[in-house]
Amino acid sequence: TPEGHVLGTLAVADRVPRQITEKQTRSLERLARIAVDRLELRRAHVKVQEAAQIAETAHCESEARKDELIDVLECLPQAVVVVDSDDRLILWNGNYERMLAGPAVRLKPGLSMADIARQWLEGEVLKGRANQEQSEIWLREFLRLLYCSSSFEMRNVGGKRWIKYDQIPTKGG
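Residues numbered from 1 in each chain as written. Predicted model: local features only at pLDDT ≥ 70, side-chain atom pairs only at ≥ 80, totals over all residues. Heavy atoms only, no water.

### Some remarks on helix α4 (residues 132-148)
So, point 1. Taking 1.5 Å per residue as the helical rise, α4 with its 17 residues ought to reach 24 Å, and the 24 Å between its terminal C-alpha atoms agrees with that figure.
So, point 2. By the burial criterion, the buried members of α4 are Ser135, Trp138, Leu139, Phe142, Leu143, Leu145 and Leu146. Along α4, the residues classed as buried sweep out an arc of 165° about the axis, all on the same side. The exposed set on the far side of α4, more than 90 degrees from its buried face, consists of Glu133, Arg140 and Cys148.
So, point 3. Its buried side turned inward, α4 meets α3 (113-126), β3 (151-155) and β4 (162-166).
So, point 4. Two to three positions downstream of the cap, the backbone nitrogen of Glu133 sits 3.1 Å from a side-chain oxygen, assigning the N-cap of α4 to Asn131. (Helix = DSSP H or I, 4+ residues; strand = E, 2+ residues; numbered from the N terminus. Expected span 1.5 Å × (residues − 1). Buried < 20%, exposed > 50% of the residue type's maximum accessible area, 1.4 Å probe, protein only. Arc of directions from axis to C-beta. Contact = heavy atoms within 4.5 Å. Polar contact = N/O pair within 3.5 Å; in protein donor to acceptor, adjacent residues only side chain to side chain.)

Structure, rendered in C-alpha cells:
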C-alpha cells in the first residue's frame, strides 16, 4: 500500500526448481509494481465513483431546495430578487418580472442590477414614458441608492409610481 503495508506476494510457479537471474528478478519487481499500480488504480476509481455519487446526490438535493425556494418566492406579494455578492442575478419571482413588464427586459441569471435597470429604462424611452436625459439622471440616482442604502423609496422614471426597495444581505452576500 502507499503506507508500506504488504498485501501479498507475487510468485511465479514452475514444475522444475530454478535459480532466477538478476534480470528476471527485476522483471518480477516491475510486474509486482504493475500489479500494485492496478490495485491502486482500482481503489482510486472506486473513490471517484463514490465522490461522483455524493456530488450527484448533493446536486439533486440542491435543486430540490432551489425549487422549494422558488415556490416560496412565488407566494410572496412583493417583487423579490436574489443577487450574489457581485450583484449578479440568481433568481427572482413572477412579481419582479411583472414589475418590469415588457419585452425590453430579458431576465437571466448573471445579469447585474445595473444591467436590468438599463434594459428597463431603454423600454421606457421606447414607449415614450421617459426621455434619455431623464433616464440617465434616474439611473445614476437609483444606482447610488442601491449601492449605498439598505432601504430606500423612489419614484420610477417618469414619476408614475413609487417603489420601496429593501435590501437584506445574506451570508453569501
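Picking up after the structure, the text goes on.
### Looking at the packing of α3 against α4
So, point 1. Between α3 and α4, the shortest axis-to-axis distance is 10 Å and the interhelical angle comes to 155°. As far as their axial angle goes, α4 and α3 are roughly antiparallel. Like other packed secondary-structure pairs, α3 and α4 cross with a definite hand, here right-handed. Note on element contacts: α4 touches α3 through Gln132, Ser135, Trp138, Leu139, Phe142, Leu143, Leu146 and Tyr147, opposite Met113, Ala114, Ala117, Arg118, Trp120, Leu121 and Val125.
So, point 2. Partitioning the contact of α3 with α4 into residue classes produces 12 nonpolar, two polar and one charged. (Axes fitted to C-alpha atoms, helices over the stretch in contact; angles between N-to-C directions. Parallel < 35°, antiparallel > 145°, perpendicular 65-115°, else oblique. Left-handed = near helix turned anticlockwise from the far one by under 90°. Nonpolar A, V, L, I, M, F, W, Y, C, P; charged D, E, K, R; others polar.)

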